[in-house]
Amino acid sequence: MDRAATAQKIAEVIEPFNKKGVALTDATTFAGDLEWDSLTVMDFVAAIEDEFDIIISMNQQAEIETYGQLIDAVTKLQG
Amino acid sequence: MTDLFSKFDPLIEQRRALLDTGVTDPFNLVMERVLSPTRAICNGRETILLGTYNYMGMTFDPDVIAAGKQALDEFGSGTTGSRVLNGTYAGHKLCEDALKEFYGMDHAMVFSTGYQANLGIISTIAGKGDYIVLDIDSHASIWDGCKMGDAEVVPFKHNDIVAMEKRLKRIPEGAGKLVVLEGVYSMLGDIAPLKEMIKVAKDNGAMVLVDEAHSMGFIGPNGRGVAEEQGCLDDVDFVIGTFSKSVGTVGGFCVSNHPKFEIMRLVCRPYVFTASLPPSVVHTAATSIRKLMHAGDKRAHLWENSRTLHKALRDKGFQLGTEEAQSAIIAVIMPDLERGAMMWEALLREGLYVNLARPPATPANMTLLRCSLCAEHSAEQVQTIIGMFERAGKAVGII
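This one's a predicted model, so the numbers in the text were calculated from it and none came from an experiment.

*Asks:* Lay out the packing of aromatic side chains in plain terms, naming residues and giving numbers.
*Replies:* All chains considered together, the criterion is met by 17 aromatic pairs over all chains. Ring centres of Phe17 of chain A and Trp36 of chain A lie 5.8 Å apart, and the angle between their planes is 55 degrees; this geometry places the pair in the tilted category. Pair noted here: Phe17 of chain A is in the loop between α1 (3-14) and α2 (38-52) and Trp36 of chain A is in the loop between α1 and α2, with a separation of 19 residues, a long-range link. Of the two residues examined, Phe17 of chain A and Trp36 of chain A, each falls in the buried class. Plain terms: the ring middles of Trp344 of chain B and Tyr353 of chain B are 6.4 Å apart, the flat faces sit at 85 degrees to each other, and that makes the pair edge-to-face. With relative accessibility at 11%, the residue Tyr353 of chain B sits in the buried group. Of the aromatic side chains, those joined through ring pairs into one cluster are Phe17, Phe30, Trp36 and Phe44 of chain A.

Okay, here's the thing in structure tokens:
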């Protein structure tokens, strides 16, 4: 799956978690802009993992702060 | 002023706001005197203790106390050294022998605390390139052990067998795998479906570590924990436990049947680079562990206490962490931190101490009043406790 298709799918997974309807750009941050607490992040990561059948370990999560970084990481993790 | 402490400002503010409401600081209680495993003097008044981990009431057992006093006289107040240098005394070996017998396992390793046992074993066996798959509600010592070891850390939803299996199957071919579970989860007092989870772990080629800190002494036919109760202890590679709960002192341990286990004594840094437990502690622990092997009557009474309190609180309208009593922990769910603190204080005024637990220690941002029962609570004390809960709950408007 290429970057655009991956981004589209991630946006769909984000939708129910994006309670305030914040517009997504590559620079949107999960903690700051979307105001997710650690529990929301955990649930969201599990949803992404199941959608793409991948593992995003805690170690990798520490490097992912923005929507754009997540798209890059998921694109790469799909191989 | 901005400095390294600025990151704590939100917590400092939350704490100030709570104390400004006039409630007693729930995290600053002093036990002025301790009368028995179930009674102490707090703030000048006699208080029933319902928030200790003294499940089997061993802290005032006459044989345990005598063993500690004798060890103080014969071996002195401390070892002043590491287990691998000058810090292994006869008592440490007595303790490890007692553990091997208690669990029916080949190897036992005693650490200075339970926290260090998890920190040490997990960080040492799962290193860079290995994968740790763990329950999201795991204790802080497990998370810290994961972080220290540099393994890839993959959490799954609490007690969710399917979520665990999916993650195990996604791990790259050839990578080392460790599944970390707990027998009893200490915040809500619920148990894990270990039999099913361990089978899935083994089918996927993982080693299994189970923390049985909150089950030792009273769950399972011999008090070995939830894995024994569910008939899967033989499939557990490492059992982690503590002396600071049912055993009634302080210290931690790992027991295992792994043929190479003894090498851990040389490679496990939280074991090597700290002073060993004082002689009095290991002698009290060894005596207590041996007595726990024959504590069937106490186990039965503790279960009766737990079931009685659980049913009564549920019937009075309190919201509890589990449908039925699954352990000696009964978690009463509070609507928010402020009312939780008010209820905690109302109970303390009644003469009852429970644990106030709040995020981030709790799952799903809950505020909990955690009650832990003791085999030494009498049936009458349990009835007294129920009355205290009812009065306090009505006064605060929780029920």
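*Asks:* Describe the interface of chain A and chain B, listing the residues and the values that go with them.
*Replies:* Each side of the interface is counted separately: chain A has 13 residues, and chain B has 15 residues. Interface area, chain A with chain B, both sides summed: about 1100 Å², of which 53% is carbon and sulfur. Here Arg167 of chain B ties to Asp50 of chain A by a salt bridge, and the two come within 3.5 Å at their closest N and O atoms. Elements that contribute at least two residues to the side of chain A that touches chain B include exactly α2 and α3 (58-61) of chain A. When residues in the side of chain A that touches chain B are grouped by element, the largest group, 5 residues, is from α2 of chain A.

*Asks:* Which residues make up the sheet that holds strand β15 (residues 355-357) of chain B, and what are the values?
*Replies:* All names here are of chain B. Ordered in space as β13-β16-β15, the 3 strands form an open sheet in which the pairing is antiparallel. Edge positions in the open sheet fall to β13 (329-334) and β15, since each of these has one partner strand only. Between one strand axis and the next, the sheet turns through 30 degrees on average, direction left out of account. In this fold helix α12 (residues 296-316) packs onto β13 and β16 (367-372), with an angle of close to 20 degrees to the strand it touches most, β13. Along the sheet, helix α13 (residues 337-350) makes contact with β13, β15 and β16, crossing β16 at roughly 30 degrees.

*Asks:* Tell me about the nonpolar core, and name the residues and values.
*Replies:* Ranked by internal contacts, the top residues of the largest apolar core, which has 99 residues, are Leu99, Leu181, Phe243, Leu309, Met343 and Phe389 of chain B. In this view, Met343 of chain B contacts Phe318, Met334, Leu369, Phe389, Ala392, Gly393, Val396 and Ile398 of chain B; residues no more than four positions away in its chain are not counted.

*Asks:* Any details on the sheet that holds strand β5 (residues 131-135) of chain B? Residues and values, ideally.
*Replies:* Residues and elements named next belong to chain B. Read from one edge to the other, the open sheet built from 7 strands follows the order β4-β12-β11-β10-β7-β5-β6, with strand pairing classed as mixed. Every interior strand has two partners, whereas the edge strands, β4 (107-111) and β6 (152-156), have only one. The average angle at which neighbouring strand axes cross in this sheet is 20 degrees, direction not considered. Bridge analysis of strand β11 (residues 238-242) against strand β12 (residues 252-256) gives 5 bridges, and the strand direction is antiparallel.

*Asks:* Quick rundown of the pattern of salt bridges? Include the residues and the values.
*Replies:* Counting across every chain of the model gives 32 salt bridges over all chains. With a shortest N-O distance of 2.7 Å, Asp72 of chain A and Arg3 of chain A are connected by a salt bridge. With a gap of 69 residues between them, Asp72 of chain A in helix α4 (residues 67-77) and Arg3 of chain A in helix α1 connect regions that are remote in the sequence. A relative accessible area of 41% means that Asp72 of chain A is categorised as partly exposed. Within this structure, Glu49, Asp50 and Asp53 of chain A together with Lys166, Arg167 and Arg170 of chain B form a network of salt bridges that share partners.

*Asks:* I'd like a description of the side chain of Arg83 of chain B, backed by residues and values.
*Replies:* Its location among the elements puts Arg83 of chain B in the loop between α2 (62-75) and α3 (90-103). At 3.0 Å, the side chain of Arg83 of chain B forms a polar contact with the side chain of Glu96 of chain B.

*Asks:* Run through the packing of α3 of chain B against helix α11 (residues 279-292) of chain B, naming residues and quoting values.
*Replies:* Residue and element names in this part refer to chain B. Their axes nearest at 8 Å, the elements α3 and α11 cross at an angle of 20 degrees. Put simply, α3 runs roughly parallel to α11. The handedness of the crossing between α3 and α11 comes out as left-handed. Packed against α3, whose contacting residues are Gly91, His92, Leu94, Cys95, Asp97, Ala98, Leu99, Glu101 and Phe102, the element α11 presents Val282, His283, Ala285, Ala286, Ile289, Arg290 and Leu292 at the interface. Its residues assigned to classes, the contact of α3 with α11 shows 10 nonpolar, 3 polar and 3 charged.

Each value, and the rule that gives it
Residues numbered from 1 in each chain as written. Chains lettered and ligands numbered in written order. Predicted model: local features only at pLDDT ≥ 70, side-chain atom pairs only at ≥ 80, totals over all residues. Heavy atoms only, no water. Phe/Tyr/Trp six-rings, centres within 6.5 Å; stacked < 30°, edge-to-face > 60°. Helix = DSSP H or I, 4+ residues; strand = E, 2+ residues; numbered from the N terminus. Buried < 20%, exposed > 50% of the residue type's maximum accessible area, 1.4 Å probe, protein only. Contact = heavy atoms within 4.5 Å. Buried area = accessible area lost by both parts, 1.4 Å probe. Salt bridge = Lys/Arg side-chain N within 4 Å of Asp/Glu carboxyl O. Pairing = 2+ DSSP bridges. Axes fitted to C-alpha atoms, helices over the stretch in contact; angles between N-to-C directions. Core = buried A, V, L, I, M, F, W, Y, C linked by side-chain atoms within 4.5 Å. Polar contact = N/O pair within 3.5 Å; in protein donor to acceptor, adjacent residues only side chain to side chain. Parallel < 35°, antiparallel > 145°, perpendicular 65-115°, else oblique. Left-handed = near helix turned anticlockwise from the far one by under 90°. Nonpolar A, V, L, I, M, F, W, Y, C, P; charged D, E, K, R; others polar.

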